[in-house]
Each structure stands twice: as structure tokens, then as C-alpha cells.
Amino acid sequence: NPAKTEAYVGLAKNAIMEMHFNDVVNYCNKAMKFDSENLEIRRLRADAYTGLGKYDKAVPELLYVVERDIPSMSGKTNACLIDSAFNIVNLHLKAKMRTEPDNAFWFFYAAYLYDAIGNYEDAVIHLGKLYDIIQFDFYHKVVAECYEKMRNFRAALKETNMAIEQDPRDIDLYLRKI
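These numbers come from a predicted model, not from an experiment.

## Some words on the overall build of the protein chain
In terms of regular secondary structure, the protein chain is built from ten helices and zero strands. Starting at the N terminus and walking to the C terminus, you meet the elements of the protein chain as α-α-α-α-α-α-α-α-α-α. When burial is assessed residue by residue, the protein chain has 36% of its 178 residues classed as buried. Taking as baseline every contact in the protein chain between residues at least 6 positions apart, the subset at least 24 positions apart corresponds to 39%. When the accessible surface of the protein chain is totalled, it reaches about 10,900 Å², and 54% of it is carbon and sulfur.

Rendered as C-alpha cells:
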């Protein structure tokens, strides 16, 4: 029923302007009973989940919108949605690292995420924090790779030398120095 969908979407829009995020989620859930593929509803629900700090629920909603609306979106709009999804994941990770500072998984995931988006400086920082929690054998090798990507060859060489000290049998490390 399109009229009911529009009514619930209108209520959700009003509620989000007043920052009543639980109401937004409720209105969106009711609207989705009539139109479960409506991208506007999904985006509103993602915004509400973000406002509630439920980042694990917000990201799938944003990704749903991005995956289905690529042909009709401008590159700028699509990039904004992807950026929003990254920011939500980043906020979630930061919250987890604050509340669980000894959980190596969150620092590993942050390092992986930063490496994936090309933010190698933050990847190195989080690899260092991960290493403080668990001293893994290939730390210096991974950090050297990040420094190479940053084109900081002195730091990469220093880390490569430290990696060779840890594992002198790793031939790839010697080749990296050439």
C-alpha cells in the first residue's frame, strides 16, 4: 500500500529531525512491511541506527542502498554513502577499542580496514597497538609493507631488517631489500 508507506516515511522523516531515533526505526519497520525494498526507508533506518549507536545495524542498511542504487546514483552520492558506511564502521571500532582495549581483534580489524582504504599511517598505528597486545611474528614484515606503500623506504628498510632478525629464513625479506 503506497499511501501507508508514504505516511510512515513522512513520520520517520519528522522523527529523525527531532532526533527521536527509536521512533524512526519503528516507523521504518512498519513502512518496510509494505515496501521492503524501498531505499529511502533503508537510508532513514541507517541514520536512526547511527544516532542510536547501533553501528552494526546501520552498516548493512547503507550497504543495501549502495548495492542497489548504483545505476541511478551519481558517483558523488555513491561515494558519500560509502564514506558514511566507513565512518560508521570506524566509530564502531573506536568504541570497541575503548571498551575492550585488550581485545586484539578490534586492533587487527582497524589495521586491516585502514590498509584497505589506503590510510597506511593509521594502519601502522593500529598494528603497533595490536603488537602491544600480542607479539605476532610477522609484525615487522607487515609494517614494512605499509611503509613501502607510503613510499617511506628508510622506515620500510628498518622494519625489513628487524623482520629478517626475527626470521632469517624468509627469502622474500631479502628480496625486498634489493
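## Section: the nonpolar core
Counting residues in each nonpolar core, the largest one holds 41 residues, and the members touching the most others are Val 24, Leu 93 and Leu 127. When residues of this core are assigned to their parent elements, the largest contribution, seven residues, is made by helix H6 (residues 104-116). Contacts of Leu 127, omitting those with residues within four sequence positions, involve Ala 111, Phe 136, Tyr 139, Val 142, Val 143 and Cys 146.

## Let's talk about the environment of Asp 137
Of note, Asp 137 is situated in the loop between helix H7 (120-133) and helix H8 (139-149). Considered as a pair, Asp 137 and Asp 167 are 30 residues apart in the sequence and their alpha carbons are 8.1 Å apart.

## Concerning the pattern of salt bridges
In total, this model carries eight salt bridges according to the counting rule given. Between Lys 141 and Asp 170 there is a salt bridge, with its nearest N and O atoms 3.0 Å apart. Taken together, the residues span a long stretch of sequence, with Lys 141 in helix H8 and Asp 170 in the loop between helix H9 (153-166) and helix H10 (171-176) at a distance of 29 residues. Owing to a relative accessible area of 15%, Asp 170 belongs among the buried residues under this scheme.

## Quick word on the packing of H8 against H9
Where H8 meets H9, the axes come as close as 8 Å, and the angle between the chain directions of the two elements is 165°. If you check the angle between H8 and H9, you find them roughly antiparallel. The handedness of the crossing between H8 and H9 is left-handed. Residues Tyr 139, His 140, Lys 141, Val 143, Ala 144, Tyr 147 and Glu 148 of H8 touch H9, and the partners they reach there are Phe 153, Ala 155, Ala 156, Glu 159, Thr 160, Met 162, Ala 163 and Gln 166. Split by residue class, the contact of H8 with H9 holds nine nonpolar, three polar and three charged.

## Topic: the layout of surface pockets
The calculated volume of the largest pocket comes to roughly 210 Å³. Lining the largest pocket we find 14 residues, and of these Phe 108, Ala 111, Tyr 112, Leu 127 and Val 142 sit closest to its centre. Elements supplying a minimum of two residues to the lining of the largest pocket: H6, H7 and H8.

## Quick word on the confidence of the model for the protein chain
Per-residue pLDDT for the protein chain averages 85, and the proportion of residues at 70 or more is 89%. For the protein chain, helix H5 (residues 75-99) is the element with the lowest average pLDDT, namely 71, and helix H2 (residues 21-32) is the one with the highest, namely 96.

About the criteria used
- Residues numbered from 1 in each chain as written.
- Predicted model: local features only at pLDDT ≥ 70, side-chain atom pairs only at ≥ 80, totals over all residues.
- Heavy atoms only, no water.
- Helix = DSSP H or I, 4+ residues; strand = E, 2+ residues; numbered from the N terminus.
- Buried < 20%, exposed > 50% of the residue type's maximum accessible area, 1.4 Å probe, protein only.
- Contact = heavy atoms within 4.5 Å.
- Areas by Shrake-Rupley, 256 points an atom, 1.4 Å probe, with all protein chains shown as cover.
- Core = buried A, V, L, I, M, F, W, Y, C linked by side-chain atoms within 4.5 Å.
- Salt bridge = Lys/Arg side-chain N within 4 Å of Asp/Glu carboxyl O.
- Axes fitted to C-alpha atoms, helices over the stretch in contact; angles between N-to-C directions.
- Parallel < 35°, antiparallel > 145°, perpendicular 65-115°, else oblique.
- Left-handed = near helix turned anticlockwise from the far one by under 90°.
- Nonpolar A, V, L, I, M, F, W, Y, C, P; charged D, E, K, R; others polar.
- 1 Å grid on protein atoms, 1.4 Å probe; cavity = no way out; pocket = protein on both sides within 12 Å on 5 of 7 lines; lining within 4 Å.
- Points joined across faces, edges and corners; volume = space filled by probe spheres on them.
- pLDDT = per-residue confidence, 0-100.

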